[in-house]
Amino acid sequence: MLQYEKEFDPVIAGRSSTEASAAGYAADDEVYVFDDERLVLAVNVALKTGRPLLLFGPPGSGKSSLAPNVARELGWGYHAHVVTARTEPEDLLWRFDAMQRLNDAQANALQVMDNYYTPGPLWRAFEEGSDRRRCVVLIDEIDKADPDLPNSLLGPLGSLSFTLPWDDSRQVTVAEEHAPLVVITTNDERELPRPFLRRCIVFELRPPSQQHLLRVAEQHLGAHYDKRLAELVADHLLGIRDHRAHTPAGPSTAEYLDALKASHRLHVTPGTREWDVLEAVTLRKREWRHTVPDAPRDSAHDTSGRRP
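Residues numbered from 1 in each chain as written. Predicted model: local features only at pLDDT ≥ 70, side-chain atom pairs only at ≥ 80, totals over all residues. Heavy atoms only, no water.

### Quick notes on the pattern of salt bridges
- Tallied over the full model, the rule gives 14 salt bridges.
- Across the pair Arg 284 and Glu 279 runs a salt bridge whose closest N-O atoms are separated by 3.3 Å. One exposure class covers both Arg 284 and Glu 279, and it is buried.
- Taken together, the shared-partner salt bridges connect Glu 7, Lys 48 and Arg 134 into one network. (Salt bridge = Lys/Arg side-chain N within 4 Å of Asp/Glu carboxyl O. Buried < 20%, exposed > 50% of the residue type's maximum accessible area, 1.4 Å probe, protein only.)

This is the structure:
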């Protein structure tokens with residue numbers, strides 16, 4: 001076990017077995033199994049250095065769900081922004097309502113300029129930090145945006161301040177001890193700028209192991225947890241992943257939980273024809289057309305016009 005002074009020191013799972021039993025199925029954002037001590041160390045390094053934590057890893061490895069669960073464990077606030085191809089650098093700081101201002105101008109009803117700006121996730125986190133309320137900020141899938149966006153973060157995150165867009169004499173700032181923890185995810189679809197990478201704590205998440213999947217299942221299902229069924233479904237997921245060795249990842253942890261919950265609620269077990277269909281629609285997805293044989297035709301309900 002790694003030994004060091006921890007600011008972030010989570011329990012392995014997000015809720016106790018007693019809580020799990022009382023609550024039944026857990027929501028996806030209520031549980032995160034912190035069973036990788038390297039990841040816990042990476043979070044602590046980001047906290048102590050004040051650097052963003054940049055997460056790589058295959059889809060479904062838990063990149064996006066880490067940030068809200070770190071916030072929950074620390075008792076901090078949480079803000080998130082999902083990046084798209086249309087995301088502009090300033091969207092992480094503010095959004096300007098140009099249409100509302102145009103309408104007000106045409107109606108001779110202009111308001112003060114700050115009424116047309118909505119704070120973005122970093123602005124909100126800086127303001128809350130100024131009130132001594134720390135936050136975790138998730139910037140999800142940063143590789144979807146233009147390469148200018150990552151570099152645009154270097155200024156605000158480096159100085160912990162930015163200038164208000166309508167008044168160059170005013171700044172939004174936060175003290176280092178109250179600064180947010182910024183977690184950034186990437187699917188590695190586009191190479192990120194080197195200056196940006198140099199200013200991040202970088203960690204790559206591994207695809208989930210069987211042991212990790214079973215721990216996740218136990219915490220999510222609570223009193224409904226069936227270890228034997230969980231093992232069988234996990235084995236099927238790992239088998240699909242091995243078959244897809246040439247692709248970035250197999251089914252995700254969320255898809256595993258979908259298959260497991262459906263199996264439990266529908267009383268379907270692996271090895272049956274019903275399981276073949278359930279596995280196809282929850283784990284294999286578009287591969288189902290090639291893995292599930294057609295149901296036999298019932299001649300009594302054949303409407304094709306052909307003779308049986």
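### Concerning a positive patch on the surface
- Together, Arg 51, Arg 194, Arg 198 and Arg 199 make up a positively charged patch on the protein surface.
- Summarising the element assignment, Arg 51 is placed in the loop between helix H2 (37-49) and strand S1 (53-56).
- In this structure Arg 51 comes out as partly exposed when scored by relative accessible area, which is 38%. (Patch = residues over 30% accessible without salt bridge, like charges linked within 9 Å, V, L, I, M, F, W, Y side chains within 5 Å. Areas by Shrake-Rupley, 256 points an atom, 1.4 Å probe, with all protein chains shown as cover. Lys, Arg positive; Asp, Glu negative; His and termini not counted. Charge placed at Lys NZ, Arg CZ, Asp CG, Glu CD. Helix = DSSP H or I, 4+ residues; strand = E, 2+ residues; numbered from the N terminus.)

### Notes on the environment of Ala 175
- Locating Ala 175 in the fold gives a position in the loop between strand S7 (167-173) and strand S8 (181-185).
- You can call Ala 175 partly exposed: its relative accessible area is 34%.

### Comments concerning the nonpolar core
- Core analysis: the largest hydrophobic core is formed by 31 residues, its most contacted members being Leu 54, Leu 122, Ile 139, Ile 142, Leu 153, Ile 184 and Phe 196.
- Taken together, the elements giving at least two residues each to this core come down to S1, helix H5 (121-130), strand S5 (135-140), strand S6 (161-164), S8 and helix H8 (194-198).
- Dropping the residues within four chain positions of it, Phe 196 is found in contact with Leu 54, Ile 142, Pro 150, Asn 151, Leu 153, Leu 154 and Ile 184.
- Core analysis: the next-biggest nonpolar cluster, separate from the first, contains 25 residues, Ala 26, Val 233, Leu 238 and Tyr 256 among them. (Core = buried A, V, L, I, M, F, W, Y, C linked by side-chain atoms within 4.5 Å. Contact = heavy atoms within 4.5 Å.)

### Digging into the layout of surface pockets
- If you add up the space inside the largest pocket, you get close to 790 Å³.
- In this structure, the largest pocket is lined by 36 residues; those nearest its centre are Gly 60, Ser 61, Gly 62, His 212 and Thr 253.
- Breaking the lining of the largest pocket down by element, the ones donating at least two residues are helix H3 (63-74), helix H9 (210-221) and helix H11 (253-266).
- Of the residues contributing to the lining of the largest pocket, the split by class is 13 nonpolar, 14 polar and nine charged.
- In this model, the second largest pocket occupies a volume close to 340 Å³.
- Among the secondary structure elements, those contributing two or more residues to the lining of the second largest pocket are H2 and helix H7 (154-159). (1 Å grid on protein atoms, 1.4 Å probe; cavity = no way out; pocket = protein on both sides within 12 Å on 5 of 7 lines; lining within 4 Å. Points joined across faces, edges and corners; volume = space filled by probe spheres on them. Nonpolar A, V, L, I, M, F, W, Y, C, P; charged D, E, K, R; others polar.)

### Describing the pairing of S7
- With four bridges connecting them, S6 and S7 associate as antiparallel partners. Within the sheet, the bridge partner assigned to Leu 164 lies in S7 and is Asp 167.
- Counting the residues between successive antiparallel strands, the hairpin from S6 to S7 contains two residues. (Pairing = 2+ DSSP bridges.)

Take it as geometry only, folks, not as evidence of what the structure does.
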